[in-house]
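Close look at the chain arrangement
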Amino acid sequence: SASPAIPNLSGLWHRKGPLNGKPNQAAVPTNRAAGFEKAFDDALNPTYDCSATPIPGLINDNYDFEIVQQADRVIITYEKMDIVRTIWLEGHGHPKPANNDYTNQGHSYGRYEGSRLVVETTKFAFDPRGFSANRWIPGSTLKKMTEQYWREGDTLKLDSMSEDPLALKQPYRYGWEWTVRKEEMTPYDCDPEDSRWGAQWHK
């Protein structure tokens, strides 16, 4: 039997608005995470040293990105912080990460389900910006994010769910829509010296 057609999600994408026009709800922290948020000193923010915000915060900041689909992987390059994510497609013998291999953007596996690309990401390193670029609800090493991407005409859609039993009282759902972008992306080129300058106001 013929294998089903893989949806074409490749291209440069520019934010249009929230999924189906419905405003995204804020993440609801556990008491533990709320205590962390209250105590966290903004001068310790890793962003000041050009350390990238992890997903989902990376995605809920309004920067463009590019998707490139390959036979065994999907590569997403973000304008923000020049981040490149590799989503390893299942069924191609990609090695699993080691037990202690936790990273800023986690480890992503993907599969096509009908017209959708479904991505599951785990193995995140602890980060104070776990779920938002602008709040200090930390993401623990138990954080898991599931993304579903699909295309309707020239619109790319995302419905996502983030879970973290240590940080979130309930799964954090949000979605966005993007339109095709014509021009090339602009390099972010974060300069640690310039970036750290902003922290002086938080002494």
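Residues numbered from 1 in each chain as written. Predicted model: local features only at pLDDT ≥ 70, side-chain atom pairs only at ≥ 80, totals over all residues. Heavy atoms only, no water.

1. Regarding the packing of aromatic side chains
Under the criterion given, the structure shown has 7 aromatic pairs. An aromatic cluster of three or more residues is present, and its members are Phe36, Phe40, Phe126 and Trp136. Lying across the ring of Tyr109, Lys96 places its NZ or CZ 4.3 Å from the centre. For Lys143, the ring lying beneath its charged end belongs to Phe131, and the centroid distance is 5.2 Å. (Phe/Tyr/Trp six-rings, centres within 6.5 Å; stacked < 30°, edge-to-face > 60°. Lys NZ or Arg CZ within 6 Å of the ring centre and 35° of its normal.)

2. Brief notes about unusual backbone geometry
With an omega of 5°, the peptide bond between Ile55 and Pro56 qualifies as cis. Note on placement: Pro56 falls in the loop between helix H1 (31-39) and helix H2 (57-60). Located in the positive-phi region is Cys50, a residue other than glycine, with phi close to 65°. Looking at the element boundaries, Cys50 is found in the loop between H1 and H2. (Helix = DSSP H or I, 4+ residues; strand = E, 2+ residues; numbered from the N terminus.)

3. Some details on the side chain of Ser132
Along the chain, Ser132 falls in the loop between strand E6 (116-122) and strand E7 (144-152). A polar contact is formed between the side chain of Ser132 and the backbone nitrogen of Asn134, at a distance of 3.0 Å. Within the structure, the side chain of Ser132 is placed 3.4 Å from the backbone nitrogen of Arg135, a separation counted as a polar contact. For Ser132, the residues in contact, after removing those within four places along its chain, are Gly57 and Asn60. (Polar contact = N/O pair within 3.5 Å; in protein donor to acceptor, adjacent residues only side chain to side chain. Contact = heavy atoms within 4.5 Å.)

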